[in-house]
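# Remarks on the overall topology
These are the residues of each chain, in order.
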Amino acid sequence: MNLWQFILQNHAEVTQLTLEHIWLVGTSTLLAAAIGMPLGILLTRWPSLRPPILGSANVIQTIPSLALFGFLLPAPWIGARADRLVILALVLYALLPLIRNTYAGIQSVDPSVIEAGRGMGLTDRQLLFQVELPLALGVIVAGIRVATVLSIGLATIAAAVGAGGLGEYIFRGLAMVNNTVILAGALPAAALALLADLGFGWLEKRLSPQHARRSSSASATSS
Amino acid sequence: MDATLLRPLSVDRLLNRMDSSAAIAFDRVSYHADRDHAILHDLTLAVHQGETLVLLGRSGSGKTTTLKLINHLLRPTSGEIRVAGRALSEWDVIRLRRMVGYVIQEVGLFPHFTIEKNIGLVPKIENWPRDRIRQRVEELLQMVGLDPQLATRYPRELSGGQRQRVGVARALAADPPILLLDEPFGALDPLTRAQLQREFLHLEARRGKTVVFVTHDLNEALLLGTRIALLEAGRLVTLNTREEFLRSSDPLVVAYRDAFRPDFSGERGET
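Residues numbered from 1 in each chain as written. Chains lettered and ligands numbered in written order. Predicted model: local features only at pLDDT ≥ 70, side-chain atom pairs only at ≥ 80, totals over all residues. Heavy atoms only, no water.

Within chain B, the regular secondary structure consists of 11 helices and 10 strands. Out of the 271 residues in chain B, the part that is buried amounts to 53%. The long-range share in chain B, meaning contacts at least 24 apart out of those at least 6 apart in sequence, stands at 67%. Carbon and sulfur atoms make up 46% of the accessible area of chain B, which totals about 12,400 Å². (Helix = DSSP H or I, 4+ residues; strand = E, 2+ residues; numbered from the N terminus. Buried < 20%, exposed > 50% of the residue type's maximum accessible area, 1.4 Å probe, protein only. Contact = heavy atoms within 4.5 Å. Areas by Shrake-Rupley, 256 points an atom, 1.4 Å probe, with all protein chains shown as cover.)

Here it is as structure tokens:
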């Protein structure tokens, strides 16, 4: 049986697993953004927090994903359901790019723009929401893009702990030594990753304030 | 009495003048970047209501630091600064900054805002009605010699000179009684710079405002300043009117005049 026939015959299941996959990745990326962006902002305000926070996020990234699932399994509420477990693990992995890019995005805003804003009497809040975040948005979206693509790949391992997603086919195919079944999981997952990459890449380009870069480089050459 | 007023003011005389009539007053202000590194030593200085005081000095003399102490972008290590008769500690910093216009060499326009939004930002956060903001922006663009059609453009679409005009307009937006300018024309080509200097000198909106202007350019200082404060290595060396400055025998003043002589000897008559 070739791949297309398999997918057509099992289109209900393929759709369901794809949706599960998107649910796992979407929820975890949103949660990671909700945690990582404020943390990244925090780092720009309190530089002394940088080593511990970025360090921990870095260390988490080095834990192999299967091992991380294993570590989280005994956790009380989390370990009770496989999807919670997987979502938490994905959140932990996605934190690093989100924290780092939020921090880097805000740091990259032209200091003279910040100084002018402060000098005009903008409050910290106004400066953050009207100047720093809008100008950092392109870099932050780049972080979300990396996190999403990473999570789509990692989420295929979710099937190992029974959380569903396209990994189901991959594990099933491995057990059956059937390449068609493996591909039925791997190809849609790759397509999702590609789509996410393209979509966020487009968004990133649109949100990157080209004006910021061009005007700051222009003033640099004229001075 | 008049004759003594024209002479350089001694510290004692300055202290006597530190009443509430001074728009800005520094009282023995020091600023240290860290424990061993003092940027400003014991500065005592009064800026009178409505005058343009030029802070002249080379890089690292402490002139920009002095300026940033006024709008509390920096906090003094010791001493007291009073603005409009009130110590900085008594001011709500945000309120203070909104009544002090601030222009810097790099301009610092918000790249994601149109010119209109850049100029109208302080009025907007001060909750001016929308019509009044639009009217004010148009008025200011005209005042700084820009085509009101530029209102909808972005900073990147403007030339360096146009951008600095917008910077001045933005600082004037809420009609602040005090203006601080940090080498505003320093990054411009000489022709544009000369034009903007002259326009600034005759700017209608500048009338009655207290201006503190930082520069290292003696010509600019002589053109724009009511008085010139010469700083060197974090200390106030002399504080003179323009005429006194040209006559002064202070070695540093003489050095400055010599450095700029080929330029200003031909231009003096015009100023």
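Okay, back to it.
Now for the pattern of salt bridges. In total, this model carries 19 salt bridges over all chains according to the counting rule given. In this structure, lysine 68 of chain B engages glutamate 115 of chain A in a salt bridge whose closest nitrogen and oxygen atoms are separated by 3.7 Å. Of this pair, lysine 68 of chain B sits in helix H3 (residues 63-70) while glutamate 115 of chain A sits in helix H7 (residues 111-119), which puts the two residues in different chains. Note that arginine 28 of chain B and aspartate 42 of chain B form a salt bridge whose closest N and O atoms lie 3.1 Å from each other. Pair noted here: arginine 28 of chain B is in strand E1 (residues 22-34) and aspartate 42 of chain B is in strand E2 (residues 37-48), with a separation of 14 residues, a long-range link. Within the structure, one salt-bridge network assembled from shared partners comprises Arg145, Asp197 and Glu204 of chain A. (Salt bridge = Lys/Arg side-chain N within 4 Å of Asp/Glu carboxyl O.)

This brings us to the pairing of strand E9 (residues 227-232) of chain B. For a regular strand, the rule is simple: side chains alternate between the two faces of the sheet. Residue and element names in this part refer to chain B. Of all six residues in E9, five are buried; the element is thus mostly enclosed. Examined bridge by bridge, E9 and strand E10 (residues 235-241) share six bridges and lie antiparallel to one another. Looking across to E10, one finds that glutamate 232 is bridged to arginine 235. A loop of two residues connects E9 with E10, the two strands running antiparallel in sequence, and alanine 233 in this loop sits at a positive phi of about 50°. (Pairing = 2+ DSSP bridges.)

All names here are of chain B. All told, the structure shown has six aromatic pairs over all chains when counted by the stated rule. Ring geometry for phenylalanine 110 against phenylalanine 113: centres 5.6 Å apart, planes inclined by 70°, an arrangement best described as edge-to-face. On the basis of relative accessibility, which here comes to 5%, the residue phenylalanine 113 falls in the buried class. Each ring, one from phenylalanine 185 and one from phenylalanine 200, has its centre 6.2 Å from the other, and the planes form 70°; the classification is edge-to-face. Highlighted residues: phenylalanine 185 in the loop between strand E7 (178-182) and helix H8 (190-201) and phenylalanine 200 in helix H8, separated in sequence by 15 residues. Accessibility expressed as a relative area gives 3% for phenylalanine 200, which makes it buried. Following the ring pairs from residue to residue traces out a cluster consisting of Phe185, Phe200 and Phe213. For the cation-ring pair, lysine 117 lies above phenylalanine 113, with the distance from its terminal atom to the ring centre recorded as 4.2 Å. (Phe/Tyr/Trp six-rings, centres within 6.5 Å; stacked < 30°, edge-to-face > 60°. Lys NZ or Arg CZ within 6 Å of the ring centre and 35° of its normal.)

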